Structures are given as C-alpha cells and as structure tokens.
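Structure at a glance
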Amino acid sequence: MIILATVLLLTVLFGLWRVLRGPTAADRLLAIQLFGTTGAAFLLVLAMLVDIRALRDAALVIALLAAVLSAALVQYLRRQEKSN
Amino acid sequence: MTQVLFYLILGVCLWALGLYGLLRLKESIRRIISVNIMGSGVFMVMVALAARSEDPDPVMHALVVTGLVVAISATAFALRLSVADVQEDDQ
Amino acid sequence: MSLHEWMLDGTLGLLVLILAVAVLHVRSLYISIVLFIAFGLLLALIWARLGAPDLALAEAAIGAGLTGTLLLAAYGRVSERRRKAEEPLDWHAGPALLLSLIIAVILMRAVWPLPDLDSALVPAVADQMAQSGVGHPVTAVLLSFRAWDTLLELLVLLLAFMAVRQLLPSLPRQPEAWPLLQAWSRLLAPLSVLIGGYLLWRGSADPGGAFQAGALLAAGAILLRLTGLLPALGWHHFWIRALILGGCMVFLAIGVAGYWLGTGFLGYADGWAGPLILLIEVFATLSIATTLTLLVIGETREVRE
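Computed from a predicted structure; not experimentally measured.

Remarks on the interface of chain C and chain A
- Between chain C and chain A, the residue contacts involve 58 residues of the former and 46 residues of the latter.
- Taking both sides of the interface into account, the surface hidden between chain C and chain A amounts to around 4900 Å²; carbon and sulfur atoms contribute 80%.
- On inspection of chain C and its partner chain A, the count reaches 1 salt bridge.
- Here R202(C) makes a salt bridge to D57(A), at a shortest N to O gap of 3.3 Å.
- When residues of the side of chain C that touches chain A are traced back to their parent elements, those giving at least two are α1 (3-25), α2 (29-49), α3 (53-77), α4 (80-84), α9 (179-202) and α10 (210-226) of chain C.
- Of the residues in the side of chain C that touches chain A, the class split is 43 nonpolar, 8 polar and 7 charged.

A look at the domain arrangement of chain C
All names here are of chain C.
- Domain boundaries in chain C define domain 1 (1-117) and domain 2 (136-305).
- Every contact between the two is made by 11 residues of domain 1 and, on the other side, 17 residues of domain 2.
- Between domain 1 and domain 2, the buried area comes to about 1100 Å², and carbon and sulfur atoms account for 75% of it.
- Per-residue buried area on domain 1 facing domain 2 is highest for D54, L66 and R77; these three make up 50% of the total on that side.
- The residue inventory of the side of domain 1 that touches domain 2, partitioned by class, reads 8 nonpolar, 1 polar and 2 charged.

Describing the layout of surface pockets
- What the largest pocket holds in volume is close to 800 Å³.
- Going through the elements one at a time, α2 (25-50) of chain A, α1 (3-24) and α3 (58-82) of chain B together with α2, α3, α6 (121-132) and α7 (137-145) of chain C are the ones with two or more residues in the lining of the largest pocket.
- For the lining of the largest pocket, the element with the highest residue contribution is α6(C), accounting for 4 residues.
- Across the lining of the largest pocket, the residue classes tally to 19 nonpolar, 6 polar and 6 charged.

Reading guide: rules and limits
- Residues numbered from 1 in each chain as written.
- Chains lettered and ligands numbered in written order.
- Predicted model: local features only at pLDDT ≥ 70, side-chain atom pairs only at ≥ 80, totals over all residues.
- Heavy atoms only, no water.
- Contact = heavy atoms within 4.5 Å.
- Buried area = accessible area lost by both parts, 1.4 Å probe.
- Salt bridge = Lys/Arg side-chain N within 4 Å of Asp/Glu carboxyl O.
- Helix = DSSP H or I, 4+ residues; strand = E, 2+ residues; numbered from the N terminus.
- Nonpolar A, V, L, I, M, F, W, Y, C, P; charged D, E, K, R; others polar.
- Domains from an automatic or database assignment.
- 1 Å grid on protein atoms, 1.4 Å probe; cavity = no way out; pocket = protein on both sides within 12 Å on 5 of 7 lines; lining within 4 Å.
- Points joined across faces, edges and corners; volume = space filled by probe spheres on them.

In structure tokens, the structure reads:
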C-alpha cells in the first residue's frame, strides 16, 4: 500500500516536468489537473493505510477544488488573451 | 532520526528557502509567494511537533488552521497592494 | 519505522523541496504561480501523512484552491511589461544564500531536541473533552477552549477585507465566459455548497468545520462570479454587510450573553455548549465564505459607482 502511494507521488514528478517544459499555458493547466487527481488518489490510499476516514473528505475537497481552479485559470487566461 | 525530526528539518529548510527567495527576488508577487513559503515552513514545524504524541496535538492543529486563514487574509491584502500601482494604466 | 515508510516520507520531502526551489527559481511569473499551487497541494498531502486531516482539508481548500485563485487574479492585473520583466541575477546571491544558510543552521539546532519533549496540552485537552460539547478535539479547541483566538481571527479577516476595500480596486471588464464553462460552473457550484454544508455538519464530531466549509462555499461563489452567473457583489448590499458582520456579531453576542449569565466571557452554560457552538459555526461559515469571496474577486469600480 505504501509502495502504491509512493508510485502515485512519482506521477507528480512527471507532471512537474510538463509544467516546467510547457510549451503552452494549456499544458501547464493539464499538469495541474493531473496533480489534483494524483492528490485525491494519494489521500484515498492513505485513508485506507492509516484508517482515518476524514482523509476521504479531503480527497473530495481536492477533487472539487482542482476543478474550480482549472475553471478560474481558463477564465483568467482568456482575459489575458483578449487584452493582448 | 525519527519521522518528526525529518519533517522539522524539512520545515526549517522551507523557511530558509523562503527567506532566500525574499532576499533575492524583486517582483512583488513573487516576494509574496516567498513569504507564503516561509509560512508553510513554520506550519510544517508546528504540525510535526503535533505528531509527537500518539494522538496528534489538537492545540497545534487549531493554531495552524487559524494561521492558514490569517495567512490568506494577509496574502490577499498584500497582493492587492502589489497591483495597486498598475490599475490606473489599465483604464 | 520501516524502509517503505521512509521511502514515502523521503519522496514527499524531496518533492516539496524541489517544488519550493522551482517556485523561486523559475523565470516566468505564470509558471511560478502554477508551481506554487502544486506546492500547496503537496503540503495538503504532507498534513494528511502527519495525521492532521483537519489541516489537509483546510490546506486543500484555502492553501491550494483560494490562494491559487488570488495569485491568478493578481497575475491577470499586472501589466505586460512587469510580467515579462526577468529577474536579474546579480551579486546579491552570495550574501543572501549565506544568511539563509546561517539562519537555517541556527534553527536546526533549535528544533533538534524538540522531538523528545512532550506537550502538556494533549492530556489537558483530553481531560476536558467531555465538557466541551463537541466530539472533535480540534473543534473543541477552536470554539470552546480557545474561542477568543477564533473570534480574533474572524476580526483579522474582517480587517483584511476593510483594508482591501480602501484600495479602490478596479478590474478590467471580464470577457463573456464560454457556455461550456458556464455549464461546468453550474454543475460545480451546487456541489461546493453541498460538500461545504457536509463539512460544517461533520465538524462537531469529525475533522471539518467552519473554516473549511467557508472556503468551499467561497470557491463556489467565486466560480459563479467569474463566469458571470452571479451579479457583482459589494459592501453596499445590505445582505452582504449582514453576512460579513454576522459571524463576529453572533460570536460576540453569545460571548457577552455568557458573561451576563455568569459563565464568563465566551463561556457556555451547561448543556448549551453543543447547540451554541453549532450556531456560531453556521454564522462564521457564512461570514468567512462572503469575506473570502470578496477578498478574491474584489469589489469592482463599476459596483461602487
């Protein structure tokens, strides 16, 4: 189970590479989405590992907030496009 | 070395990194981010200390929850100040 | 601790350090902000790993979600010139690095003996839990044992909002949101209200509570405002004022009532602690949600006029 959690964290490393390399803003946005999914999955695995039920709520919050954040990002990026 | 000590040291490292960023960077938004990283280091030290006992220390957790809300209040104000000078030429 | 657990902790620590260094060293402001959002998310995972589900919830909602939106909003407002300006690498690197290293070493020496010491507060809280009126220790500390701190925290939030108001914010008019984005936010906003209410209710017995719930409600409101589904909000609306001040007012009123009835300022009468704490939490949640929403999206100039 711990190995699973560690492997999940490694996907963040790949996402990080995508954020740094880009090339477009949309790639970085998708990497953030990947981080959100990874975070939720990690919390779910951890919730089973240490048996704290509330971590599932935290996973729910991360999943929701990642979606909200991506919507906010899209809207701000569009504004920028328009002003350019 | 125990898990608690590992995260205590990590917290100190984050704080020092934030300080380095604060000293080095010129852009105000990035300086605000640096201060936030310093704050995260402090929170990490506190959460690691809370994890010393079998049941985590609720007082430390309550303090960090309070700290998070105060941090976002201060960040919001600082960010608004940092963009105050550019608002006029947008008009 | 087993080798596997060390692997997990080591990976978490390494990732968070890499992210912090990358946030500070990346040239573009936009990438720095995106990385900082990821940094907040990773912190939430570390809090979960350290057995602090309350903090994992709060960090996920406030640290990663709302701070990220705040930074993006600020980024949208800085001028193109400032955005493109690259950080000059100059001779300051040496002294700054040296100073940070020295302070880091001093702090390391300070924290080194701490793991072996114990906190007297843990058994003290456990002893008094029965009288607190709630089942979850963190909520008990926040709203019963140290209710003063929480009241002052609400005041800090109010103060920050008042300070931000003085700066006469102005936003460039937002472009019309895509229909897809509008539909998406129509789906997400009710979900955030649902989960926010759930966290508020759970807060009395399990991790959760007013701050986490308030941040989630704020996230929903911000999303609706960004996509133009909510009219511009401002201090001049009577109900906004009532919502923002409501948290502090109810809290203060209950505190003064306790003083009047002889249980002391912010003391609860026997048997009433549970319902009163829930009442305070409901109003605090609404107050926090409204204040955070206005802090992030701000009052725009056209609202004021």
